[in-house]
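# A closer look at the structure
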Amino acid sequence: MKGSLHSVAPLGTVHAIQSLGTVDGPGVRFVVFLKGCPLRCGCCHNPDTWSDEGGTRYSAQDIVDKAVRYREYFGKEGGITLSGGEPLLQAEFACEVFRLCHQVGIHTCLDTAGTLWNDAVQALLSETDRILLDIKYTTDPQYRKYAGCGLDVPLAFLRHADEASIPVTLRQVIIPTLNDTPSSIHELRRIADAHSCVDKIELLPFRKICQTKYDQMGIPFPFAHLPEPSHETMAALNRMLSE
């Protein structure tokens, strides 16, 4: 007996849900943190999302039904954001979530490190209204040493976003002694200027509040020895970025 001609909608593995987020995209957002990440960034705040094991399984409709409950808080700019971990690892599920969101008029935002490109990711971008792209460093040696892939990987993803004319916010966590230099900021600005889809850059301060997660998991926090940037440093780098 032949199987059904209709494909079964994929389930997603979710680490956590934040019902009213204000830092993961424009406006107030329903933020879904998915499990699984191929990178091992030294500054990662969510090492508990690296593995695709554990978590809670949801259908795309489950997620959208939950998001709809908060739509009155979204206003004109808010909506849903899929974050992680790395949501590109669950691209088919993410695409279905975004497709259903568009059916009910909810803005979609993808928070990603741009680590993958395949047909499923391409389909996901066709349902994505905005991308938050994490450009961790602006040199290839630093990317390979402190993240686990080359700089060419996220830049290739950015080119695809540019070709699809999807608005992109570039984000970078500022880590003292690694990427808090004028040369790094100028190169980040150059990357943004070379891609017309980039309409915003956000510099985020490195924080060590995640230390407790590493301790609980029994693994070392690679950047525990590094200082957090001061408010003065962040202000100076933001001024440099806008010059």
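Residues numbered from 1 in each chain as written. Predicted model: local features only at pLDDT ≥ 70, side-chain atom pairs only at ≥ 80, totals over all residues. Heavy atoms only, no water.

## Section: the confidence of the model for the chain
Detailed reading of the predicted coordinates is not advisable wherever pLDDT is low. A residue-level look at the chain finds 97% of positions with pLDDT of 70 or above and a mean pLDDT of 95. Below a pLDDT of 50 lies the segment residues 1-6, which in the model reaches zero contacts outside its immediate sequence neighbourhood of four places, other chains included. (pLDDT = per-residue confidence, 0-100. Contact = heavy atoms within 4.5 Å.)

## Overview of the environment of phenylalanine 223
Residue position: phenylalanine 223 is located in the loop between helix H8 (211-217) and helix H9 (231-242). If we ignore the near neighbours within four places in the chain, the residues touching phenylalanine 223 are Gly42, Cys43, Tyr137, Tyr146, Ile175, Leu178, Phe206 and Lys208. (Helix = DSSP H or I, 4+ residues; strand = E, 2+ residues; numbered from the N terminus.)

## A look at the sheet that holds strand E4 (residues 79-83)
The strand order across the open sheet formed by eight strands is E3-E1-E2-E4-E5-E6-E7-E8, and the pairing between neighbours is mixed. Bordering the open sheet on either side are strand E3 (56-59) and strand E8 (198-205), each of which pairs with just one other strand. The mean angle between the axes of side-by-side strands here comes to 30°, regardless of whether they run parallel or antiparallel. Relative to strand E5 (residues 107-112), E4 runs parallel, the two sharing four bridges. Bridged to isoleucine 80 within E5 is threonine 108. Here helix H1 (residues 60-68) sits on the sheet in contact with strand E1 (11-21), strand E2 (29-34), E3 and E4, set at roughly 85° to E3. (Pairing = 2+ DSSP bridges. Axes fitted to C-alpha atoms, helices over the stretch in contact; angles between N-to-C directions.)

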